[in-house]
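Examining the three-dimensional arrangement
Below, each chain spelled out in residue letters.
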Amino acid sequence: MAERRKFKKKYCKYCEAKVSYIDYKDLAQFKFSLSERFKIMPRRLTGNCKKHQEMVTIAIKRARQTALIPYIVDRKNVVENPFEMIK
Amino acid sequence: MNCYETLFVVKPTLTEEETTAQIEKVKAVLIKENAEILATDDMGMRKLAYPVQKNNRGYYTILFYKASGETIAELERNLKINEEVIKFLTVKYTKTKEMTQFNKLVAAASKKGELAEASVVETPVAEEAPATVETTTEEAPTAVETASEETPVAEKTEA
């Protein structure tokens, strides 16, 4: 018998909060969908629904364009606390 | 007429007057093109997530306005020419859900603007207030407090 699934059932946090639009300036709203290195987290890990994942993607890409969040975080310019700027 | 939102970043090297002059310049373009400016949101000086044209900081401003489509081309042309503007982004709001969000943003921005205006009004009374308002958003509450305290004084002087 294979090991039992230990994870919680995933659910969309945006659906729960009834978010109808994700603003690219409101970093706190999509911070949850970013990895430590500011990559967009996949749906299989966050549990976002398709609709909200698309909104998140657009918002994150816009925020990147306007230098609100970085495109990449690499070892060349190390930031001590990457999420410090998002508040 | 469509609803648009334009965010632009002005270079940090400019003085306060020069920054406001640049913002006015952008607004003038919109007014010339018969756009209806609904609200202005001053995000103030912010750290950029990555250096842009060797700048590490920038002065963020957001304009909410109603305009026809051709206006955007003219506005973006002007922003591109302007060397003091290092970044800009225009977003269009069309769907009903987006429109509700847009109205919400406009309301929030205009509210913020009114508070800033209130502090501007009381400048002749208290000279310390404007400095605190301009520097950071964190200090805004204190400025508001001073504004509420100072306004009765201002009214008295007017009367």
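Residues numbered from 1 in each chain as written. Chains lettered and ligands numbered in written order. Predicted model: local features only at pLDDT ≥ 70, side-chain atom pairs only at ≥ 80, totals over all residues.

1. Things to note about the domain arrangement of chain B
All names here are of chain B. Filter applied, for reference: Domain segmentation is taken from an automatic or database assignment of domains. Throughout, a pair of residues is in contact if the C-beta atoms placed from their backbones lie within 7 Å. Put simply, DSSP marks the helices as runs of H or I at least four residues long and the strands as runs of E at least two long, and each gets a number from the N terminus on. For this classification, Asp, Glu, Lys and Arg are treated as charged, while Ala, Val, Leu, Ile, Met, Phe, Trp, Tyr, Cys and Pro are nonpolar and the rest, including Gly, are polar.
Entries for chain B in the domain assignment read domain 1 (2-97) and domain 2 (104-151). Tallying the contact residues gives eight residues for domain 1 and nine residues for domain 2. Considering each element in turn, the side of domain 1 that touches domain 2 owes the most residues, five residues, to strand 2 (residues 36-52). Grouping the constituent residues of the side of domain 1 that touches domain 2 by class yields four nonpolar, two polar and two charged.

2. Notes on the confidence of the model for chain B
Residues and elements named next belong to chain B. To keep it simple, the criterion reads: Confidence of the predictor at the level of single residues is captured by pLDDT, which takes values from 0 to 100.
Averaged over all residues, the pLDDT of chain B equals 76, while 72% of them reach at least 70. Between residues 123-159, whose pLDDT stays under 50, and residues either more than four places distant or in other chains, the model counts 31 contacts. The complex model carries a pTM of 0.71, and its ipTM stands at 0.71.

3. Considerations on the interface of chain B and chain A
On the chain A side, the residues contacting the 15 residues of chain B number twelve residues. Broken down by secondary-structure element, the contributors of at least two residues to the side of chain B that touches chain A are strand 1 (2-10), strand 2, strand 4 (85-93) and helix 3 (96-121) of chain B. In terms of residue class, the side of chain B that touches chain A is built from eight nonpolar, three polar and four charged.

4. Observations concerning helix 2 (residues 69-81) of chain B
Residue and element names in this part refer to chain B. Threshold: Three exposure classes are used, based on other C-beta atoms lying within 10 Å of a residue's own C-beta, which is placed from the backbone: buried for 20 or more, exposed for 12 or fewer, and partly exposed in between. What the arc measures is the spread of directions leading from the helix axis to the C-beta atoms.
What helix 2 keeps buried is the set Thr71, Leu75 and Leu79. In an axial view of helix 2, the angular spread of the buried residues amounts to 65°, which keeps them on one side of the axis. Opposite the buried face of helix 2, at more than 90 degrees from it, the exposed residues are Gly69, Glu70, Ala73, Arg77, Lys80 and Ile81. Those residues of helix 2 that are buried lie in contact with strand 1, helix 1 (16-32), strand 3 (55-67) and strand 4.

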